[in-house]
Amino acid sequence: IDVTLRHSARARRLSLRVSRLDGRVTLTMPTRAPLREGIAFLETKESWLRKHLGAMRPAEVVAVGCTVPLRGQPVPVVVGEGRLARVTDGAIEVARGAPAAPQVRAILRKLARDELAAASDRYAVRLGRDYTRLTLRDTRSRWGSCTADGALMYSWRLIMAPPAVLDYVAAHEVAHLAEMHHQPAFWSIVADLCPAYATHRTWLRDHGDSLHRVIFPD
């Protein structure tokens, strides 16, 4: 097992972290802790590490023949007859002779923009607030954000989640147009816009890492 060693002046004890995205193992140690202490700690955690890493799902590299989650459902990637990639009733069709991954990523980004813009518009009207712009990124640390000047940002990977989850994230970020914090007043707005928000937050916590394990090689 490869382990990345990290010394931190703020660390008060040894801590071990396994990334849910790529399985990277990081051992954080206080600055003055001896290496032998870290190695001994790792040895006590070896069985736990192997069990945890063995249970992780492998990454899905996008190519013809694979499946990609779309709106919460696995959809096969196949070669179509046309010159442009498109989404059909049961598949994502890509153009013959060109790499599949960039085509699939472009389709997902377009669908994400359309659906996140529609949801943001709907919630902004209900809240009586306007946002200034909407951008998409491939972020790992957050699913969305809202700046003080009303700019909304979303991860385009939300299009791979169930529609209600995407809808919740839009409600969450639009609610920040009124309350730029996570105090009870903010959550009261979220609950009004999206009553079942807790269920969708739980889905992201439990399954969101699976959206990041879909790899789009250039």
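Residues numbered from 1 in each chain as written. Predicted model: local features only at pLDDT ≥ 70, side-chain atom pairs only at ≥ 80, totals over all residues. Heavy atoms only, no water.

### Examining the overall build of the protein
Looking only at helices and strands, one finds 6 helices and 12 strands in the protein. Projected onto its principal axes, the C-alpha positions of the protein cover 55 × 50 × 25 Å. The contacts of the protein with a sequence gap of at least 6 include a subset with a gap of at least 24, amounting to 48%. In the protein, the 32 positive side-chain charges and the 22 negative ones have mean positions that sit 6 Å from each other. (Helix = DSSP H or I, 4+ residues; strand = E, 2+ residues; numbered from the N terminus. Contact = heavy atoms within 4.5 Å. Lys, Arg positive; Asp, Glu negative; His and termini not counted. Charge placed at Lys NZ, Arg CZ, Asp CG, Glu CD.)

### Here we look at the sheet that holds strand E3 (residues 25-30)
Ordered by their spatial adjacency, 3 strands build an open sheet running E1-E3-E2, and the pairing between neighbours is mixed. The open sheet has two edge strands, strand E1 (3-8) and strand E2 (15-18), and neither has a second partner. Across the sheet, the mean angle from the axis of one strand to that of its neighbour is 25 degrees, orientation sign disregarded. Where E2 and E3 come together, 4 bridges link them in antiparallel fashion. Bridge pairing links Val18 to Val25 in E3. Sitting on the sheet, helix H1 (residues 35-44) is in contact with E1, E2 and E3, with an inclination near 135 degrees to E3. Strands in contact with helix H2 (residues 46-55) are E2 and E3; relative to E2, the strand with the most contacts, it is inclined by about 15 degrees. (Pairing = 2+ DSSP bridges. Axes fitted to C-alpha atoms, helices over the stretch in contact; angles between N-to-C directions.)

### Observations regarding the sheet that holds strand E6 (residues 73-79)
The strands that make up a sheet are held in pairs by hydrogen bonds between backbone atoms, and each pair lies either parallel or antiparallel. Read across the open sheet, the 4 strands follow the order E5-E6-E8-E7; overall the sheet is mixed. Across the chains shown, the open sheet's two edge strands, defined by having one partner strand only, are strand E5 (67-70) and strand E7 (86-87). In this structure, E7 lies alongside strand E8 (residues 92-94), joined through 2 bridges in antiparallel fashion. Along E8, the bridge assignment pairs Val87 with Ile92. Against the sheet, helix H3 (residues 100-127) touches E5, E6, E7 and E8, its axis set at about 135 degrees to E8.

### Section: the pattern of salt bridges
Per the counting criterion, the structure on display carries 9 salt bridges. Here Arg86 ties to Glu93 by a salt bridge, and the two come within 3.0 Å at their closest N and O atoms. Residue class for Glu93 comes out buried when judged on its relative accessible area of 17%. Where Arg157 meets Asp138, a salt bridge forms, and the shortest distance between an N and an O atom there is 2.7 Å. Linking Arg157 in the loop between strand E11 (151-155) and helix H4 (163-175) with Asp138 in the loop between strand E9 (133-137) and strand E10 (144-146), this pair joins segments that are 19 residues apart in sequence. The exposure class of Arg157 is buried, given its relative accessible area of 6%. (Salt bridge = Lys/Arg side-chain N within 4 Å of Asp/Glu carboxyl O. Buried < 20%, exposed > 50% of the residue type's maximum accessible area, 1.4 Å probe, protein only.)

That is the geometry; function is a separate question.
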